[in-house]
There are 2 protein chains.
Amino acid sequence: MEAKNRVPVLSDVAKAAGVSVPTVSRVLTSSKYVAPELRERVMKAVNDLEYRPNSAARATRSGKRSMVAVLTGATSNYGYAKTIEGIELAARKAGLSVIIAVVESDSEPAVNAAIDLVLSQPVAGVIILEFDRPGLAAVKAFPSSVPMVVAGGGTRRSGSTPSALLDERSAGRDATEYLLSLGHKTVHHVAVPTMGKHSGRTQGWKSALTAAGAPVPPVLHATWEPASGYKLGLDLADQDDVTAIFCGNDDVAIGVISALLDRGRRVPEDVSVMGFDDQPHVALWRPSLTTVRQDFGDLGARAFQLLSAAVEGADGSSSSIVKPELVLRNSTAAAGSSAA
Amino acid sequence: MEAKNRVPVLSDVAKAAGVSVPTVSRVLTSSKYVAPELRERVMKAVNDLEYRPNSAARATRSGKRSMVAVLTGATSNYGYAKTIEGIELAARKAGLSVIIAVVESDSEPAVNAAIDLVLSQPVAGVIILEFDRPGLAAVKAFPSSVPMVVAGGGTRRSGSTPSALLDERSAGRDATEYLLSLGHKTVHHVAVPTMGKHSGRTQGWKSALTAAGAPVPPVLHATWEPASGYKLGLDLADQDDVTAIFCGNDDVAIGVISALLDRGRRVPEDVSVMGFDDQPHVALWRPSLTTVRQDFGDLGARAFQLLSAAVEGADGSSSSIVKPELVLRNSTAAAGSSAA
DNA sequence: CGATTTTGGGTAATCGTTTTCCCCTCTCCT
DNA sequence: AGGAGAGGGGAAAACGATTACCCAAAATCG
């Protein structure tokens with residue numbers, strides 16, 4: 001157990017096995033038939049020395065890349081983390097490593113810095129998480145020389161970029177229509193800092209309202225923190241005409257509900273509140289949260305699939321879009337159940 | 001805007017700038033003085049061509065690695081995600097990329113597969129998240145030829161491995177002592193699937209109980225899911241002697257509380273419940289959750305700092321340990337407040 | 001059984017960088 | 001003015017792998 005043992009390279013293995021360097025390479029990449037006896041010797045040497053191929057050198061010569069990169073505006077929020085998890089799982093199954101690069105903001109220097117960091121590595125392709133403005137900016141600025149796919153909540157896909165999507169627009173519309181169907185005159189909306197006007201959730205909400213001829217209240221903007229939902233919830237609680245609130249995500253919904261309750265408004269009797277994402281714990285809230293279930297893990301897996309295809313050279317810019325499903329629980333109720 | 005433009009290499013830049021290849025390299029790495037005029041020309045060519053150094057080739061020749069790897073048993077749970085976020089931020093500031101590798105289980109093939117995946121890339125060093133059994137197994141199996149540091153919740157650090165730690169043991173003890181100080185005869189414990197008997201939280205809990213001469217109830221084992229906490233909570237609700245419960249994390253605590261409430265036991269009047277982690281939303285629970293705040297982002301930053309030092313060759317296996325702080329809220333109360 | 005084809009494996013070239021040499025030129029000093 | 005010293009930059013080697021090329025031996029065929 002020498003402490004600072006030099007890490008073995010191909011020539012060490014070749015020497016140990018008594019063969020030439022290319023033969024070892026051929027055994028390891030199984031690129032050409034090698035006599036069983038030699039193969040045996042090589043494999044033994046590989047195991048004895050604990051040799052691991054240096055994929056940097058490999059990439060340099062062969063151009064075969066063994067890493068995919070994820071470019072994203074954030075990592076630890078629920079949706080981001082789950083999507084990254086899905087990507088990592090799919091990549092690992094395919095024998096690829098995953099490298100994470102965070103785009104600090106949507107400013108040009110930040111975007112370029114992240115892109116530089118990623119492209120300086122030998123990546124086979126890049127998945128950009130288009131959940132927020134930094135992600136959006138990264139998609140726009142990304143050079144066409146490297147295979148890229150988008151994963152996000154958008155609907156429209158202008159160019160020829162393959163995309164794995166969650167149909168947030170439809171989901172937002174469904175959610176809003178559901179609340180309207182309960183008899184609410186309109187639905188207020190607290191947005192999370194996603195892509196601004198381009199957020200599918202917000203778009204769907206607005207289109208449902210206008211389609212139903214309902215008034216469109218101004219959009220309230222929260223951060224990702226539940227506390228900011230709480231703050232906005234305090235304001236909403238004071239407005240008597242607010243009877244239904246569609247929130248940009250579960251954390252914010254929790255904040256809003258908490259504020260409403262603190263102000264003495266009952267949920268769902270006085271005000272119905274919906275979340276978005278269906279984090280595991282919101283089913284246990286009191287009231288349990290009506291929300292929209294998004295399968296982020298699947299999103300990540302689909303994105304990786306598309307990237308694999310793009311790397312293989314499939315030019316047919318296929319895309320996949322999945323519609324999240326409503327999960328009806330107890331934070332929503334018919335308008336006027338307050339009287340009952 | 002050619003679509004499939006070959007990505008430029010150093011010799012392209014050299015040609016465009018009318019200098020030799022090594023000169024370009026010297027400019028980019030600022031390894032040797034280059035005349036201002038030449039430097040100028042080179043930089044212009046670099047910008048014009050949008051050249052980005054190929055860090056695989058760079059690593060091959062110079063041995064300078066520009067990636068750190070994170071080896072972990074999971075990625076999307078709160079603590080994991082926040083720690084990874086902290087590592088990424090620190091690494092990005094230092095100009096390094098982060099590669100993530102998940103260790104599927106603590107079985108030997110899974111551990112080796114993850115280690116192989118990581119070590120085949122040109123990583124400067126590795127941070128292993130020792131929050132669970134796969135992480136623990138990875139630490140044990142990791143070869144000494146590559147700089148490595150451990151980040152986790154352990155206390156003991158046998159060998160000479162630098163470690164960034166959260167003192168879960170002390171925190172668990174503090175939490176338990178706090179509950180005992182409220183007059184509870186003993187404290188029940190619902191553990192999350194961390195390192196089994198080696199979990200600092202569980203160790204601290206047990207040591208506080210034995211130190212106080214209180215009976216040590218059997219440990220209940222939950223998964224990471226709130227639903228599993230709920231399940232165990234139903235059982236606990238039926239035992240009248242259960243008046244205080246220390247949970248392995250916030251999600252489980254929420255499940256337990258939910259079950260207690262569903263069974264008609266009041267929190268905190270009948271039963272006090274504590275969580276662990278202080279996720280942002282638990283402050284908004286009703287009752288708001290008493291818990292232990294862990295600064296995972298800081299943990300990640302500290303781990304990266306130690307790794308940097310280790311890579312630089314600092315052999316003094318320094319470690320850093322931070323004690324999480326109790327956050328007292330409303331899910332805990334004095335024993336017997338039920339009567340009041 | 002001799003000539004031609006296959007086959008397995010070694011030698012050398014290659015990938016995109018960095019680094020070592022070395023040479024040329026410019027400066028400075030006596 | 002001539003020689004020593006220093007500094008800047010180019011040519012070539014090196015890094016650790018893969019791949020092109022080639023040759024000897026075995027296999028196939030007439």
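The structure displayed is predicted, hence computed values, not measured ones. (Residues numbered from 1 in each chain as written. Chains lettered and ligands numbered in written order. Predicted model: local features only at pLDDT ≥ 70, side-chain atom pairs only at ≥ 80, totals over all residues. Heavy atoms only, no water.)

### A look at the overall build of chain A
Here comes step 1: Across its full length, chain A holds 12 helices and 12 strands.
Here comes step 2: On C-alpha atoms alone, chain A measures out to a radius of gyration of 26 Å, which is more than a quarter above the 20 Å that the 2.2 N^0.38 rule sets for 340 residues.
Here comes step 3: Taking the principal axes of its C-alpha atoms as reference, chain A extends roughly 90 × 45 × 35 Å.
Here comes step 4: Put simply, chain A has 340 residues, and 54% of those count as buried.
Here comes step 5: Sequence-distant contacts, at least 24 apart, represent 69% of the contacts inside chain A between residues at least 6 apart. (Helix = DSSP H or I, 4+ residues; strand = E, 2+ residues; numbered from the N terminus. Rg over C-alpha atoms; globule rule 2.2 N^0.38 Å. Buried < 20%, exposed > 50% of the residue type's maximum accessible area, 1.4 Å probe, protein only. Contact = heavy atoms within 4.5 Å.)

### Re the packing of aromatic side chains
Here comes step 1: If you walk through the whole model with that rule in mind, you get 11 aromatic pairs over all chains.
Here comes step 2: On the basis of an interplanar angle of 70° and a centroid distance of 5.6 Å, the ring pair of A:Trp285 and B:Trp285 is categorised as edge-to-face. Of this pair, A:Trp285 sits in the loop between strand E9 (272-274) and strand E10 (291-293) while B:Trp285 sits in the loop between strand E9 (272-274) and strand E10 (291-293), placing the two residues on different chains.
Here comes step 3: What makes A:Trp285 buried here is its relative accessible area of 4%. (Phe/Tyr/Trp six-rings, centres within 6.5 Å; stacked < 30°, edge-to-face > 60°.)

### Details of the packing of helix H2 (residues 21-29) of chain A against helix H3 (residues 36-49) of chain A
Any two packed helices are characterised by the angle at which their axes cross and by the distance between the axes.
Residues and elements named next belong to chain A.
Here comes step 1: The geometry of H2 relative to H3 is characterised by a closest axis approach of 10 Å and an angle of 85° between their N-to-C directions. Judged by the inter-axis angle, H2 sits roughly perpendicular to H3. Mapping the contact onto sequence places Thr 23, Val 24, Val 27 and Leu 28 in H2 and Leu 38, Arg 39, Val 42, Met 43 and Val 46 in H3.
Here comes step 2: Residue classes in the contact of H2 with H3 are distributed as seven nonpolar, one polar and one charged. (Axes fitted to C-alpha atoms, helices over the stretch in contact; angles between N-to-C directions. Parallel < 35°, antiparallel > 145°, perpendicular 65-115°, else oblique. Nonpolar A, V, L, I, M, F, W, Y, C, P; charged D, E, K, R; others polar.)

### Regarding the relation of the copies chain A and chain B
In this structure, two copies of a chain are linked by a rotation about an axis accompanied by a shift along it.
Here comes step 1: Of the transformation superimposing chain A on chain B, the axial component is 0.0 Å and the angular component is 180°, with the fit at an RMSD of 0.1 Å. Viewed as a symmetry operation, the transformation between the two copies matches a two-fold axis.
Here comes step 2: When the interface residues of chain A are mapped onto chain B, 100% of them again lie at the interface, so the same face is used by both copies. (Least-squares fit on C-alpha atoms with pLDDT ≥ 70 in both.)

### Side note on unusual backbone geometry
Here comes step 1: Look at the link from A:Val267 to A:Pro268: it is a cis peptide, with omega at 10°.
Here comes step 2: Residue position: A:Pro268 is located in the loop between helix H11 (250-262) and E9.
Here comes step 3: A cis amide bond, omega -5°, links B:Arg286 with the succeeding residue B:Pro287.
Here comes step 4: Note that B:Pro287 resides in the loop between E9 and E10.
Here comes step 5: Phi is positive for B:Glu50, close to 55°, though the residue is something other than glycine.
Here comes step 6: Looking at the secondary structure, you find B:Glu50 in the loop between helix H3 (36-49) and helix H4 (55-62).
Here comes step 7: Look at B:Glu50 and you get exposed, because its relative accessible area is 54%.
Here comes step 8: Positioned with a positive phi, B:Asp277 is a non-glycine residue whose angle comes to about 125°.
Here comes step 9: Its location among the elements puts B:Asp277 in the loop between E9 and E10.
Here comes step 10: Among the residues examined, B:Asp277 registers a relative accessible area of 6% and is labelled buried.

### Some words on helix H9 (residues 200-212) of chain B
All names here are of chain B.
Here comes step 1: Its 13 residues place the ends of H9 18 Å apart at the C-alpha level, agreeing with the 18 Å of an ideal helix rising 1.5 Å per residue.
Here comes step 2: Looking only at H9, the buried set comprises Gly 200, Arg 201, Thr 202, Gly 204, Trp 205, Ser 207, Ala 208 and Leu 209.
Here comes step 3: Just beyond H9, the residue with positive phi is Gly 213, at close to 75°. (Expected span 1.5 Å × (residues − 1).)

### Considering the interface of chain A and chain B
Here comes step 1: Facing the 55 residues of chain A at the interface are 55 residues of chain B.
Here comes step 2: Roughly 4600 Å² is buried in total at the junction of chain A and chain B, and carbon and sulfur atoms are behind 52% of that figure.
Here comes step 3: Per-residue buried area on chain A facing chain B is highest for A:Arg52, A:Leu284 and A:Arg286; these three make up 15% of the total on that side.
Here comes step 4: Linking chain A with chain B are six salt bridges.
Here comes step 5: In this structure, A:Asp116 engages B:Arg52 in a salt bridge whose closest nitrogen and oxygen atoms are separated by 2.1 Å.
Here comes step 6: Taken together, chain A and chain B are joined by 26 residue pairs in polar contact (both at pLDDT 80 or more).
Here comes step 7: Looking at the side of chain A that touches chain B, its residues break down into 26 nonpolar, 16 polar and 13 charged. (Buried area = accessible area lost by both parts, 1.4 Å probe. Salt bridge = Lys/Arg side-chain N within 4 Å of Asp/Glu carboxyl O. Polar contact = N/O pair within 3.5 Å; in protein donor to acceptor, adjacent residues only side chain to side chain.)

### Quick word on the protein's contact with DNA strand D
Here comes step 1: In the vicinity of DNA strand D there are 27 residues, among which A:Leu10, A:Ser25, B:Ser20, B:Thr23 and B:Lys32 approach most closely.
Here comes step 2: The sugar-phosphate backbone supplies 66% of the atoms of DNA strand D found within 4 Å of the protein.
Here comes step 3: Interatomic distance of 3.5 Å between a backbone N/O atom of A:Ala57 and a base nitrogen of DNA strand D.
Here comes step 4: Of all the secondary structure elements, the ones that give two or more residues to the surface near DNA strand D are H2 and helix H4 (55-62) of chain A together with helix H2 (21-29) and H4 of chain B. (Near = heavy atom within 4 Å.)

### Description of the sheet that holds strand E8 (residues 244-247) of chain B
Residues and elements named next belong to chain B.
Here comes step 1: Reading across the sheet, the four strands line up as E7-E6-E8-E9 and stay open at both edges, with parallel pairing between neighbours. Taken across any chain shown, the strands that pair with only one partner, and hence form the sheet edges, are strand E7 (220-221) and E9.
Here comes step 2: Looking at chain direction, strand E6 (residues 188-191) and E7 are connected through two bridges and run parallel. If you follow Ala 191 over to E7, its bridge partner there is His 221. (Pairing = 2+ DSSP bridges.)

### Focus on the domain arrangement of chain A
Here comes step 1: The domain architecture assigned to chain A consists of domain 1 (10-53), domain 2 (67-167 + 295-324) and domain 3 (168-293).
Here comes step 2: Measuring from the centre of the C-alpha atoms in domain 1 of chain A to the corresponding centre in domain 2 of chain A gives 37 Å. (Domains from an automatic or database assignment.)

### Overview of the protein's contact with DNA strand C
Here comes step 1: Neighbouring DNA strand C are 25 residues, the closest being A:Ser20, A:Thr23, A:Lys32, B:Leu10 and B:Ser25.
Here comes step 2: For DNA strand C, the backbone portion of the atoms within 4 Å of the protein, that is sugar and phosphate, comes to 63%.
Here comes step 3: One of the backbone N or O atoms of B:Leu10 is found 2.5 Å from a phosphate oxygen in DNA strand C.
Here comes step 4: For DNA strand C, a phosphate oxygen lies 3.5 Å from a polar atom in the backbone of B:Asn54.
Here comes step 5: Of all elements in the fold, only H2 and H4 of chain A together with H2 and H4 of chain B reach the threshold of two or more residues within the surface near DNA strand C.
Here comes step 6: Broken down by element, the surface near DNA strand C gets its largest block of residues, five residues, from H2(B).

### A word on the nonpolar core
Here comes step 1: Residues A:Ile127, A:Leu129, B:Ile127 and B:Leu129 are the most contacted members of the largest nonpolar core, which totals 48 residues.
Here comes step 2: Counting residues in each nonpolar core, the second largest holds 44 residues, with A:Val190, A:Ile254, A:Leu289 and B:Val190 among its members. (Core = buried A, V, L, I, M, F, W, Y, C linked by side-chain atoms within 4.5 Å.)

### Things to note about the sheet that holds E9(A)
All names here are of chain A.
Here comes step 1: Taken together, four strands build an open sheet; the order of strands is E7-E6-E8-E9 and the sheet is parallel. Whereas interior strands pair on both sides, the edge strands pair on one side only; in this sheet they are strand E7 (220-221) and E9.
Here comes step 2: Sheet topology note: the strand E6 (residues 188-191)/strand E8 (residues 244-247) ladder contains three bridges and is parallel. Along E8, the bridge assignment pairs His 188 with Ile 245.

### Brief notes about the pairing of E6(A)
Here comes step 1: Both faces of E6(A) are covered, namely the face carrying A:His188 and A:Val190 and the face carrying A:His189 and A:Ala191.
Here comes step 2: For the segment spanning E6(A), helix H9 (residues 200-212) of chain A and E7(A), crossover handedness is right-handed. (Right-handed = clockwise from strand over helix to strand, strands pointing away.)

### Concerning the environment of B:Ala335
Residue and element names in this part refer to chain B.
Here comes step 1: Mapped onto the elements, Ala 335 comes out in the segment after strand E12 (325-327).
Here comes step 2: The partly exposed category is assigned to Ala 335, whose relative accessible area is 32%.
Here comes step 3: With 189 residues separating them in the primary sequence, Ala 335 and Val 146 have C-alpha atoms 52 Å apart.

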